[in-house]
Amino acid sequence: MVKLKLDASLVLFALSSSVLAVVQRSPQPQPNAQPYSPLNPRAATPYDEPIYRRDYISTSEAKPSYDYVIAGGGLAGLVLASRLTEDPKVSVLVLEAGMSGDDVKDQVNSPAGAYYQSIVGSAYDWNFTTVPQPNLANRRISQPRGRILGGSTAMNAMYLVRPSKTEMDTWQELLAGDGGDSSTASRWGWDNLYKYMKKAETFTPPADSLKSVVNITVDASLHGSNGPMQISYPAIMINITANWTAACAGAGIPEQKSPNGGTTLGGFITPSSINPSNETRSYSRPAYIDSLPPRSNLHILSESTVLKFNMQSKQDKSGNYIIESVEYAKDSSQTSNTVVKINKEFILAAGALSTPKILMYSGVGPKDTLESAGISMKVELPGVGQRLQDHMTSPIVWQTPLQTAGDIHNSGSDFSKSKEFNSFINDAVAFANASLLFDGNQTTFQQEIVASLNDTMVDKMVPSYSSEVKAGYKKIYNLIATRFFDNVAQVELLMSLISPGVVAVQAAIQHPYSIGRVYVNSTNPWDGIIIDPQFHSHWADLVMMRQGLKLVRRVGAAYGTVLGTELNPGPNMQSDDAIDAYLVNDPSNGANSQFHPAGTAAMLPKALGGVVDADMKVYGLANVRVVDGSVFPFEFAAHLASAGYGVAEQAADLIKAKSYSVTSGKATNASVASTASLSLVALVLGCLLTILGL
Ligand SMILES: Cc1cc2nc3c(=O)[nH]c(=O)nc-3n(C[C@H](O)[C@H](O)[C@H](O)COP(=O)(O)OP(=O)(O)OC[C@H]3O[C@@H](n4cnc5c(N)ncnc54)[C@H](O)[C@@H]3O)c2cc1C
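For clarity, every value in this text was computed on a predicted model and none was experimentally measured.

Colleague: Would you mind going over the site of the ligand with me for this structure?
Modeller: With respect to spatial proximity, 42 residues lie near the ligand, and among them Gly 72, Gly 74, Gly 151, His 639 and Ala 641 are the closest. Put simply, the parts of the chain that give the shell around the ligand at least two residues each are helix H2 (75-84), strand E11 (305-315) and helix H21 (641-657). Classifying every residue of the shell around the ligand gives 20 nonpolar, 18 polar and four charged.

Colleague: What's the story with the UniProt feature "binding site: FAD" (unreviewed entry) in the protein chain in this structure? I'm lost.
Modeller: Mapped onto this structure's residue numbering, the UniProt feature "binding site: FAD" (unreviewed entry) falls at Val 306 and Gly 629. Structurally, Val 306 can be placed in strand E11. Discounting residues that sit within four places of it in the chain, Val 306 has contacts with Ala 71, Leu 95, Val 326, Tyr 328, Ala 350 and Ile 358. Locating Gly 629 in the fold gives a position in the loop between strand E24 (624-626) and H21. Look past the residues within four positions of Gly 629 in its chain and what remains in contact with it is Gly 351, Ala 352, Ala 598, Leu 640 and Gly 644.

Colleague: Is there a simple way to think about the UniProt feature "domain: Glucose-methanol-choline oxidoreductase N-terminal" (unreviewed entry) in the protein chain in this case?
Modeller: Under the UniProt annotation, the feature "domain: Glucose-methanol-choline oxidoreductase N-terminal" (unreviewed entry) is placed at residues 351-365. End-to-end, the C-alpha atoms of residues 351-365 are 16 Å apart, and along that stretch the chain is 47% helix and 13% strand.

Colleague: What's the story with the pairing of strand E10 (residues 298-301) in this structure? I'm lost.
Modeller: Each regular strand shows side chains that alternate between the opposite faces of the sheet. Burial along E10 is two-sided: Leu 298 and Ile 300 and His 299 and Leu 301, pointing in opposite directions, are all buried. Looking at chain direction, strand E2 (residues 92-95) and E10 are connected through four bridges and run parallel. Each residue of the ladder has a partner; that of Val 94, found in E10, is Ile 300.

Colleague: When you look at the pairing of E2 in this model, what are you seeing that I'm missing?
Modeller: Burial along E2 is two-sided: the face carrying Val 92 and Val 94 and the face carrying Leu 93 and Leu 95 are both buried. With four bridges connecting them, strand E1 (residues 65-71) and E2 associate as parallel partners. Bridge pairing in E2 links Val 69 to Leu 93.

Colleague: Looking at this structure, how should I read unusual backbone geometry?
Modeller: Trans is the common state for peptide bonds, and a negative phi is the common state for residues other than glycine. In the segment running from Asn 568 into Pro 569, the intervening peptide bond is cis, with an omega of 0°. Of note, Pro 569 is situated in the loop between strand E22 (566-568) and helix H20 (576-585). Here Glu 303, not a glycine, exhibits a phi torsion of approximately 50°, which is positive. Looking at the element boundaries, Glu 303 is found in the loop between E10 and E11. Taking the C-beta count within 10 Å as the criterion, Glu 303 has 17 such neighbours and is therefore assigned partly exposed.

Colleague: Looking at this structure, I do not really get the nonpolar core. What am I missing?
Modeller: Across soluble globular proteins, you tend to see nonpolar side chains buried next to one another. Ile 70, Leu 80 and Leu 493 are the most contacted members of the largest nonpolar core, which has 206 residues in total. Once residues lying within four places of it in the same chain are set aside, the contact partners of Leu 80 are Ile 70, Ile 347, Ala 349, Val 627, Ala 648, Ala 651 and Ala 652.

Colleague: What is the right way to look at helix H17 (residues 467-481) in this model?
Modeller: Owing to its 3.6 residues per turn, the α-helix brings residues three or four apart onto one side. With 15 residues, H17 should reach 21 Å at 1.5 Å per residue; the first-to-last C-alpha distance of 21 Å fits that figure. Looking at the buried side of H17, the elements it contacts are helix H15 (443-451), helix H16 (455-461) and helix H18 (483-487).

Colleague: Just to check I follow, could you spell out the environment of Ser 296 for this structure?
Modeller: Relative to the elements of secondary structure, Ser 296 occurs in the loop between helix H10 (284-290) and E10. C-beta crowding within 10 Å serves as the criterion here: with 9 such atoms nearby, Ser 296 is assigned to the exposed category. For Ser 296 and Thr 85, which are 211 residues apart along the polypeptide, the C-alpha to C-alpha distance reads 9.1 Å.

Colleague: Explain the environment of His 409 to me, please; I cannot follow it from the model alone.
Modeller: On the secondary structure map, His 409 appears in helix H13 (residues 405-411). Through-space distance from the C-alpha of His 409 to that of Ala 112 is 9.4 Å; in sequence the pair is 297 residues apart. Residues within four places of His 409 in sequence aside, it is in contact with Tyr 116 and Ser 416.

Colleague: Sorry if this is basic, but what is going on with H21 here?
Modeller: Taking 1.5 Å per residue, 17 residues should reach 24 Å; H21 reaches 24 Å between its end C-alpha atoms and fits that length. Among the 17 residues that make up H21, 13 are buried, leaving the element largely enclosed by the rest of the structure.

Thresholds, definitions, all that
Residues numbered from 1 in each chain as written. Predicted model: local features only at pLDDT ≥ 70, side-chain atom pairs only at ≥ 80, totals over all residues. Near = placed C-beta within 6 Å. Helix = DSSP H or I, 4+ residues; strand = E, 2+ residues; numbered from the N terminus. Nonpolar A, V, L, I, M, F, W, Y, C, P; charged D, E, K, R; others polar. UniProt positions renumbered as here; feature names shortened; annotations may be inferred. Contact = placed C-beta atoms within 7 Å. Buried ≥ 20, exposed ≤ 12 C-beta atoms within 10 Å, placed from the backbone. Pairing = 2+ DSSP bridges. Core = buried A, V, L, I, M, F, W, Y, C linked by C-beta atoms within 7 Å. Expected span 1.5 Å × (residues − 1).

Below is the structure:
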């Protein structure tokens, strides 16, 4: 077997060119990428502006208090900051641990920069890794996360894939049962969340010249038309992409003609978060912040790590603790933390791996974790850090006689340096259900999964003492094994053309049964978070991935001579045992993360181990919300950013409608507030008229 190694600096499944140099390849054909110009070149928009400093302050300029303090200037944090400060009377401070990113703006802005000059592995990455994973030959799995304004959206691969209606409606159903609130649960069903996902975006269809080469079915009505995020397609396509949907169909995967409108199953070319007017990455910073006029009510402080929040000793009438201040610092060398006071609310938007850490160091979390870490517990909330899941992925790699994007990049030609070429990113995907994965013979597998759920298994699988967390696991497990099994994708296939001389197609499991946690084990918030996803601790996940790789081979076969020799895992690896061994043991191409951790502060009823309610408020706290990927209650068959934008957009509306005031000690409904101020105006007017004798 030719040993190909994944190069972390090239993000997803990119292959190291130095290793590939030894692979015999056919002579390179002439460039066959198809440039195109946008169908309707648009007038310059505010988003065409280059990145520039906006509302950023230094520590000395920070005020002693703000209405809202947001921990994390990533995807959700910047959406919230932008939307909340639309009201000039509201003051917001964003505390972002990472640097602004101005020094690496070219790397970030260029879509292909995600592969060829990625900030993954740099000082702009948290560079997390898991603890050794026993079911993956004790490998530590890399978990990059953006540490920069824009968070992980400044380093992600820009795929725009929404979850399905079935998944969203299931979230709503979970929120409405088990003591949840059915009146607020509907916010998180498909209809409402879809509305908010669209609110975040402006969609530009591909040009006819591109559609004539690649089969892209487009229905603009499935997308938004007036939002800050620019959603479109690369300016050019690589010809190998042209055969994607046909090859998928040849392998039995039907074409999905309406992607991102509530059904995800099938093969399609998905749009990307690219600004077509200047071929740059569209992400939370340029979309939601750089495009704003100056706003004196918005302060953004980079290089400021939130360490913990402080509560008042007394509780409000409902027994919830009130948060009065937040502590932050530049780095661990600082002898004291800066304290900022909160007038209204504190919002955690630090991402699925860091939000639970801030909760735990503030004394909110599972009793056993806090006790063994030596942290004094203020609120026992067993679900904090639990329900950690991720998509695991692994590729089949073939030689190809055709030119890949990696070949063009390596050529050093003028074209390889053009904006058009550097807008090319991978976008060919397919989502397959269990029937497809098992060729119609999935029933026995499904029955085994359902039958293996019992208390002994749950005690072993779920790293929690809490009967609530375990009840949530059981309920969601059953839904995945029954409702999602055939109606929703179990595996995503993704084609990569970014390495020279080879084509890779990944299989990524979408609904794992394995579940893990993040936790802390010290009293020092500068210590790292411990990440233990317990990958493949449930036997079905390995089987699902193996079936995924077999389906990838079927797609490869349907591609015909476009694909040459299989390099990884190699034609000799055919038996189930051999494929399993590849997935478990191969450090580069075996099972690795697709970088979609979620679920660690799940929005679920407390009786199911939830951490936040349908208002996104942390149970037991009066004025703390979580707004980021931690709140997803289970993995979606999707890439997570679109859902993340929808969640953050809706959160902004919820907060605007009703938020807590620390001074008055209660939550105020915006309409009540405006009615109150109207009554005041009427009163003053009445007095005036009386005085004037009218
Ligand atoms: C390499 C990679 C590729 C990906 N590819 C895709 C893709 O193609 N499509 C897609 O849809 N999704 C993709 N994702 C996932 C997507 O980007 C994330 O789901 C999304 O950004 C999560 O948003 P968030 O707001 O939860 O967290 P983030 O965007 O990660 O933001 C969290 C922010 O909080 C900051 N922070 C953390 N701790 C603290 C603290 N203590 N104090 C202050 N600030 C703090 C971080 O520095 C960061 O800026 C990818 C992710 C990665 C890492």
